[in-house]
Amino acid sequence: GQQVMQIPQYQHVQEGEDFTTYCNSSTTLSNIQWYKQRPGGHPVFLIQLVKSGEVKKQKRLTFQFGEAKKNSSLHITATQTTDVGTYFCASPLFLVNNLFFGTGTRLTVIP
Amino acid sequence: DAGVTQSPTHLIKTRGQQVTLRCSPISGHKSVSWYQQVLGQGPQFIFQYYEKEERGRGNFPDRFSARQFPNYSSELNVNALLLGDSALYLCASSLTGATTDTQYFGPGTRLTVL
């Protein structure tokens, strides 16, 4: 079955350092979505990537979708304490939007 | 505009009991999906409904059931609760449930089974 793995599982960074999380799938993905979940909160949609090789930026966040549409990455430049949380990639199953979530990367930012 | 709302916020039940969780989607959204998030893991898909019809079902036992009402709100029912059902139950709404639709999550219902 479809599996979406994320690495690393945990990441501690000093404030101001960069952070990257990677999402890898065993199968080709129709699209990839990224969510952020703050501690005690719920997943909040960040971005959706659809095209092979697509790159999108949101301020300090850069999202990439691999050429083969099997992997994706989220890069945060100069982390801030507000970036703390767990970042999930997710992709629809089959032909409907039943999101299959990756294992998540929990980011801690040390002031 | 209000986001996705869920009730109750927290719930404590004992093994064997039954529970009903409620969700109201964003106005104009016709699709509702339910997810279970166990502590430390990513959300797992349970059900998706669109226009009152079940569109998808995840790998959950028949103790889990759901329905969607004409106003697009939804209920998730879990019978014969087990300790392992303790989790955050998330509802997400989207316009049509298509694969490119953004899903907006509600704050969740935290269920504790004792």
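See the structure shown above.
About the criteria used
- Residues numbered from 1 in each chain as written.
- Chains lettered and ligands numbered in written order.
- Predicted model: local features only at pLDDT ≥ 70, side-chain atom pairs only at ≥ 80, totals over all residues.
- Heavy atoms only, no water.
- Pairing = 2+ DSSP bridges.
- Helix = DSSP H or I, 4+ residues; strand = E, 2+ residues; numbered from the N terminus.
- Axes fitted to C-alpha atoms, helices over the stretch in contact; angles between N-to-C directions.
- Salt bridge = Lys/Arg side-chain N within 4 Å of Asp/Glu carboxyl O.
- Buried < 20%, exposed > 50% of the residue type's maximum accessible area, 1.4 Å probe, protein only.

Draft legend 1. Structural context of the sheet that holds strand 3 (residues 19-25) of chain A. All names here are of chain A. Read from one edge of the open sheet, 5 strands run 1-3-8-7-6, paired in antiparallel fashion. Each of the sheet's edge strands pairs with one partner strand only, and the pair in question is strand 1 (4-7) and strand 6 (55-58). Ignoring strand direction, the axes of neighbouring strands in this sheet form an average angle of 15 degrees. Note that strand 6 and strand 7 (residues 61-65) share 4 bridges and pair antiparallel. Bridge pairing in strand 7 places lysine 56 opposite phenylalanine 63.

Draft legend 2. Geometry of the pattern of salt bridges. Residues and elements named next belong to chain A. All told, the structure shown has 7 salt bridges over all chains when counted by the stated rule. A salt bridge links aspartate 83 to arginine 60; its shortest N-O distance comes to 2.9 Å. Of this pair, aspartate 83 sits in the loop between strand 8 (71-76) and strand 9 (85-93) while arginine 60 sits in the loop between strand 6 and strand 7; the two residues are 23 residues apart in sequence, bridging distant segments of the chain. Taking relative accessible area as the criterion, aspartate 83 reaches 5% and is therefore assigned buried.

Draft legend 3. Spatial organisation of the sheet that holds strand 8 (residues 74-78) of chain B. Residues and elements named next belong to chain B. Strand order in the open sheet made by the 4 strands is 1-3-8-7, with antiparallel pairing throughout. Each edge of the sheet is formed by a strand with only one pairing partner; in this case those strands are strand 1 (5-7) and strand 7 (64-68). Along the sheet, successive strands turn relative to each other by an average axial angle of 15 degrees, direction set aside. Bridge analysis of strand 3 (residues 19-24) against strand 8 gives 5 bridges, and the strand direction is antiparallel. Within strand 8, the position partnered with cysteine 23 by the bridge is serine 74.

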